[in-house]
Amino acid sequence: MSRRCELTGKGPMTGNNVSHANNKTKRRFLPNLTETALMSEALGRTFRLRVSNAALRTVDHTGGLDAFLAKAKDADLSANALKIKKEIAKAQAAA
């Protein structure tokens, strides 16, 4: 399972551990990912996604999963999230 947020595309970054003696060794900064169930109001069901905590805050701020996916760029979303986005758009067009 990749360490990548399904909604924002946020992934690991690289950098250095720097010791007191200024020795540098490579390290990875991993995103804070959590497995979460997010509710879609248009479809009336929940989806389990692996999302960063920053993305969770953004979803809450934008007004839920439906509103977030409507504004999100397709390039940032995972294949699973793209599928959900298309389902929501189809349900909103029918209503």
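Whatever comes next refers back to the structure up there.
Every value quoted in this text rests on a predicted model; they were computed, and no experiment measured them. (Residues numbered from 1 in each chain as written. Predicted model: local features only at pLDDT ≥ 70, side-chain atom pairs only at ≥ 80, totals over all residues. Heavy atoms only, no water.)

> Tell me about the nonpolar core, and please be specific about residues and values.
Among the nonpolar cores identified, the biggest contains 17 residues, and Leu 7, Val 51 and Leu 69 are the most heavily contacted of them. Excluding residues within four positions of it along the chain, Leu 7 makes contact with Leu 38, Leu 49, Val 51, Val 59, Leu 65, Phe 68, Leu 69, Asp 76, Leu 77 and Ala 81. (Core = buried A, V, L, I, M, F, W, Y, C linked by side-chain atoms within 4.5 Å. Buried < 20%, exposed > 50% of the residue type's maximum accessible area, 1.4 Å probe, protein only. Contact = heavy atoms within 4.5 Å.)

> Explain the pattern of salt bridges to me, and be specific about the residues and the numbers.
Evaluated as defined, the whole model comprises three salt bridges. One salt bridge in this structure joins Arg 48 and Glu 35, with 4.0 Å as the shortest N-O distance. Of the two residues, Arg 48 is situated in strand S4 (residues 45-52) and Glu 35 in strand S3 (residues 33-40); the sequence distance between them amounts to 13 residues. A residue is classified by how much of its surface remains accessible, and Glu 35, at 43% relative accessible area, is partly exposed. (Salt bridge = Lys/Arg side-chain N within 4 Å of Asp/Glu carboxyl O. Helix = DSSP H or I, 4+ residues; strand = E, 2+ residues; numbered from the N terminus.)

> So what's going on with unusual backbone geometry? Residues and values would help.
Phi is positive for Asn 22, which is not a glycine, with a value near 65°. Within the fold, Asn 22 resides in the loop between strand S1 (13-18) and strand S2 (24-29). Residue classification places Asn 22 among the partly exposed positions, given a relative accessible area of 48%.

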